[in-house]
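Below are the chains, spelled out letter by letter.
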Amino acid sequence: MTDLAQETVLRRSVYKSEAFEAQLRRRYRAERRFQLAGIASIAFAAVMLVVLLTTIVLNGYTAFWQSRFDVEVFFDPEAITPSGSREPAVLSAGDYPALVREALLAELPEATGRDGRRAVMEMVSSAAAYRLRDMVLAHPELIGTRLKVSLLASDNTDQFVKGHIPRAVSEDKRKVSDRQVEWIDRLTARGVLASHFSLDVLTQSNSRQPEQAGMWGAVIGSVMTMLVTLGMAVPIGVAAAVYLEEFAPKNRWTDIIEVNINNLAAVPSIVFGLLGLSMFLDFFGMPRSSALVGGVVLALMTLPTIIIASRAALKAVPPSIREAALGIGASPLQVVIHHVLPLAAPGVLTGTILGLARALGETAPLLLIGMVAFIVDVPGSLSDPSTVLPVQIFMWADSPERGWIERTSAAIMLLLAFLIVMNAVAVYLRKRFERRW
Amino acid sequence: MRLDNIQMSVANRQGPAVRAIPSVNNKITARDVNVYYATKRALKDINLDIEENRVTALIGPSGCGKSTFLRCLNRMNDTIDICRIEGQIQLDSVDIYAKAIDTVQLRARVGMVFQKPNPFPKSIYDNIAYGPRIHGLAQRGAEMDEVVRSSLERAGLWGEVKDRLKEPGTGLSGGQQQRLCIARAIAVSPEVILMDEPCSALDPIATAHIEELIDELRASYTIVIVTHNMQQAARVSQKTAFFHLGEMVECNDTEEIFTNPRDERTQGYITGRYG
């Protein structure tokens, strides 16, 4: 007993010694340093994210405003249908640019001569003439009347109005001439030229002219591609995971398969594009640039992610549930379908949505199977040529005109919105299924 | 001192009812059963008869193979890849390891209750109804309601849960969950119920509940129970088998084992010298 008492005294003195307190202080300092480092890294990530999002939004929000000339157009019968015929073929061949020109020249009488007329026409988009043609084709009774029409301004005019083309530089370094600057100022002051809120950037299909380009075709292409990916990757991935985790014997073959699945998850996506090119396009002759082939390639790319996530989720289901079901005579398949899979569903869903989110943002493999083509039409079926949002962003970002910058940013905003929605759905589904416990 | 206690509890339990059981059939017979986990031999030449409508307790120190033996009786060991079984186990004189035997059918006849209560994360009603539903024993609706009610009644749980059958089974207390698992096993009308330390995760009151229940169930089922608790073995069983290091050392009437063990290892264990 005395030994024990002595030892206790000794120990107490150790805890009160100078050396021990110094060590204690060192420990606390180390802990504080670690916490500070953690906070600093989170702050750094947050700042970077804010900078990124702010840049995108500041660059992109102007894409939802478009400059237009509100002018009175005279639907001149001489220009539209010199022969007087009202046949659609004749009407669609009319000289609509002339109507646009006359309407603008009425506002700018000092623009004379060939140069003046060309300078005026540079300020308005080629879409303006198409708009008038479509109006006449829809309502031939407009011919011979005057009507206030809103005509889309050209990209350069639009960018100047938005302040993206600086006024202070010399004329030869500016896309807008001094004369055009003066006209723009005058028409803006008179209220003829103004910026209007417009969702054209979302609802129009692609175009060579930035002021006319929209991303609806890419949105539809992305949706169709994702549907193909989802429809193919989820059943195959979940079935493979269930088989490997619940049924397959553990031997050398399943080990090899497992290692290869893990390797596949790390294969660069462009390799899947090459596979799609040589297999689906060359060998099977599937339609080039189509959402079908794109979806299949992305499904192959997503499969390892889904299999790995699903296997982890299945592994996390407590074995007691399997034993309980087996113990009352459920067959192995019933055990999986009635008990294990429902419990693993949140994990499977999360893995699936993360895989799909990656596929949604994927560009490289789609370039190889031809989805980078310039496609004006909105795809109507899985085999139609189409493009997807990230490829659209890639193509727009690659174009020189100033107008593409804001449209690229707008497309990025839409893509991010898609991703946020998908992740929100993943979180919601997770919460919902987890309530079953 | 401990042996005296056990003997007393054996003496207390003894009544005319136990003695009244006539000579009984062997429900399960195990002959020369060997079990290997990979190369490790977990059970050595087990020969054991399990009598019908009696409670047989398997006792022994941890790792002695009693749970392994129990899990051989409904082929739950089949789910372990590295596990290999030799010898013969007969249920009603039919080899359960024969090719023609279907494990689904076998496990419906030989139900199991596990150490840790493991209700499905479903409603109390669905926990009970699941077995009858997959085996097609009862039609959805009134017939199933009746199966659920009678199973819960036999497990002594009906009064406590009859107003909340739609609530999740995982929300019950530990003892109630274990009775729910027993009711779930009963619902598929098994002939044998295997219990793997059914009370080890429960408090004494819940344990007493389960023990009473086991005694009542004996009339209709053959019960094999693995337990670490020798008082429990003495209280609930008529036959006791003592396992040690993969061998079945001794099997006899419970009374006989606890009052007059033949093997000195048995005596050592029940007097608390090891285990």
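Cut-offs used in this document
Residues numbered from 1 in each chain as written. Chains lettered and ligands numbered in written order. Predicted model: local features only at pLDDT ≥ 70, side-chain atom pairs only at ≥ 80, totals over all residues. Helix = DSSP H or I, 4+ residues; strand = E, 2+ residues; numbered from the N terminus. Buried ≥ 20, exposed ≤ 12 C-beta atoms within 10 Å, placed from the backbone. Contact = placed C-beta atoms within 7 Å. Axes fitted to C-alpha atoms, helices over the stretch in contact; angles between N-to-C directions. Parallel < 35°, antiparallel > 145°, perpendicular 65-115°, else oblique. Left-handed = near helix turned anticlockwise from the far one by under 90°. Nonpolar A, V, L, I, M, F, W, Y, C, P; charged D, E, K, R; others polar. Pairing = 2+ DSSP bridges. Core = buried A, V, L, I, M, F, W, Y, C linked by C-beta atoms within 7 Å. Domains from an automatic or database assignment. Right-handed = clockwise from strand over helix to strand, strands pointing away. Expected span 1.5 Å × (residues − 1). Arc of directions from axis to C-beta.

Caption draft 1: Seen up close, the overall build of chain A. A tally of regular secondary structure across chain A gives 19 helices and three strands. Out of the 437 residues in chain A, the part that is buried amounts to 34%. Put simply, of all contacts in chain A between residues at least 6 apart along the chain, 77% involve residues at least 24 apart.

Caption draft 2: Region of interest: the overall build of chain B. Helices and strands together make up the secondary structure of chain B, namely twelve helices and ten strands. For chain B, buried positions account for 44% of its 275 residues. Taking the intrachain contacts of chain B between residues at least 6 apart in sequence as the baseline, contacts between residues at least 24 apart amount to 70%.

Caption draft 3: Inspection of the packing of helix H8 (residues 174–187) of chain B against helix H9 (residues 204–217) of chain B at higher detail. Residues and elements named next belong to chain B. One way to put it is that H8 packs onto H9 with a least axis distance of 9 Å and a crossing angle of 20°. When the axis of H8 is compared with that of H9, the two are roughly parallel. Like other packed secondary-structure pairs, H8 and H9 cross with a definite hand, here right-handed. Judged by residue contacts, Gly174, Gly175, Gln178, Arg179 and Ile182 of H8 engage Ala206, His209, Ile210 and Leu213 from H9. By residue class, the composition of the contact of H8 with H9 is four nonpolar, four polar and one charged.

Caption draft 4: A look at the interface of chain A and chain B. Each partner contributes to the interface: chain A provides 17 residues, whereas chain B provides 20 residues. When contributions to the side of chain A that touches chain B are tallied by element, the ones reaching two or more residues are helix H15 (319–327) and helix H16 (332–360) of chain A. Examining the composition of the side of chain A that touches chain B, we find that six residues originate from one element, H15 of chain A, more than from any other. Considered class by class, the residues forming the side of chain A that touches chain B number eight nonpolar, six polar and three charged.

Caption draft 5: A look at the sheet that holds strand S1 (residues 26–37) of chain B. Spatial ordering of the open sheet is given by S2-S1-S4-S5 (chain B), a layout of four strands whose pairing is antiparallel. On the outer flanks of this sheet lie strand S2 (40–51) and strand S5 (94–95) of chain B, each paired with one strand and no other.

Caption draft 6: Quick look at unusual backbone geometry. Residues and elements named next belong to chain B. The phi torsion at aspartate 32 lies on the positive side, around 50°, for a residue other than glycine. Residue placement: aspartate 32 occurs in strand S1. Positive phi values are uncommon outside glycine, yet serine 93 reaches one of about 65°. Position of serine 93 relative to the elements: it lies in the loop between strand S4 (83–91) and S5.

Caption draft 7: Inspection of the nonpolar core at higher detail. Counting residues in hydrophobic clusters, the biggest one holds 80 residues, and the most contacted among them are Leu58, Ala183, Ile193, Leu194, Ile223, Val224 and Ile225 of chain B. When residues in this core are grouped by element, the largest group, seven residues, is from H8 of chain B. Apart from residues no more than four positions distant in its own chain, alanine 183 of chain B is found in contact with Ile128, Ser151, Leu152, Arg154, Ala155 and Leu157 of chain B. Within the second largest apolar cluster, 54 residues are counted, among which are Ala241, Ala291, Leu356 and Ala411 of chain A.

Caption draft 8: Molecular detail of the domain arrangement of chain A. All names here are of chain A. Domain annotation of chain A identifies domain 1 (2–60), domain 2 (63–203) and domain 3 (216–434). Computed from C-alpha coordinates alone, the two centres of domain 2 and domain 3 are separated by 45 Å. Facing the ten residues of domain 2 at the interface are eight residues of domain 3. For the side of domain 2 that touches domain 3, the secondary structure elements donating two or more residues are helix H8 (155–161) and helix H10 (200–203). Residue composition of the side of domain 2 that touches domain 3, grouped by class: five nonpolar, three polar and two charged.

Caption draft 9: Focus on the environment of tyrosine 96 of chain A. Residue and element names in this part refer to chain A. Here tyrosine 96 lies in helix H5 (residues 96–107). For the pair tyrosine 96 and alanine 345, spaced 249 residues apart in sequence, the C-alpha to C-alpha distance is 60 Å. Once you skip the residues sitting within four places of it in the chain, tyrosine 96 turns out to touch Ala129, Leu132 and Arg133.

Caption draft 10: Seen up close, the pairing of strand S8 (residues 222–226) of chain B. Residue and element names in this part refer to chain B. Most of S8 sits out of view: five of its five residues are buried. Side-chain alternation along S8 places Thr222, Val224 and Val226 on one buried face and Ile223 and Ile225 on a second face that is also buried. In this sheet, S8 lies alongside strand S3 (residues 55–59) in parallel orientation, the contact comprising four bridges. The partner of leucine 58 across the bridge, within S8, is valine 226. In this fold, strand S7 (residues 192–196) hands off to H9, which returns the chain to S8; that crossover is right-handed.

Caption draft 11: Inspection of helix H7 (residues 127–138) of chain A at higher detail. Residues and elements named next belong to chain A. Compared with an ideal rise of 1.5 Å per residue, which puts twelve residues at 16 Å, H7 spans 16 Å between its outermost C-alpha atoms and is within 8% of the ideal. Residues of H7 that are buried include every one of Ala128, Ala129, Leu132 and Val136, and no others. For H7, the arc enclosing every buried residue in end-on projection is 100°, short of the 170-degree limit, so these residues lie on one face. Opposite its buried face, H7 presents the exposed residues Asp134 and Ala138, each directed more than 90 degrees away. Those residues of H7 that are buried are in contact with strand S1 (65–74), helix H3 (77–80), helix H4 (88–92), H5 and strand S2 (146–152).

Caption draft 12: The sheet that holds strand S3 (residues 193–197) of chain A, seen in detail. Residue and element names in this part refer to chain A. Pairing within the open sheet is antiparallel, and its three strands lie in the order S2-S1-S3. Each of the sheet's edge strands pairs with one partner strand only, and the pair in question is S2 and S3. Averaged over all pairs of adjacent strands, the angle between their axes in this sheet comes to 40°, without regard to strand direction. As defined by bridge partners, S1 adjoins S2 across seven bridges and the pair is classed as antiparallel. The residue of S2 that forms the bridge with phenylalanine 74 is arginine 146. Packed onto the sheet, H5 meets S1 and S2 and runs at close to 90° relative to S1. Those strands touched by H7 are S1 and S2, and its axis lies near 140° from that of S2.

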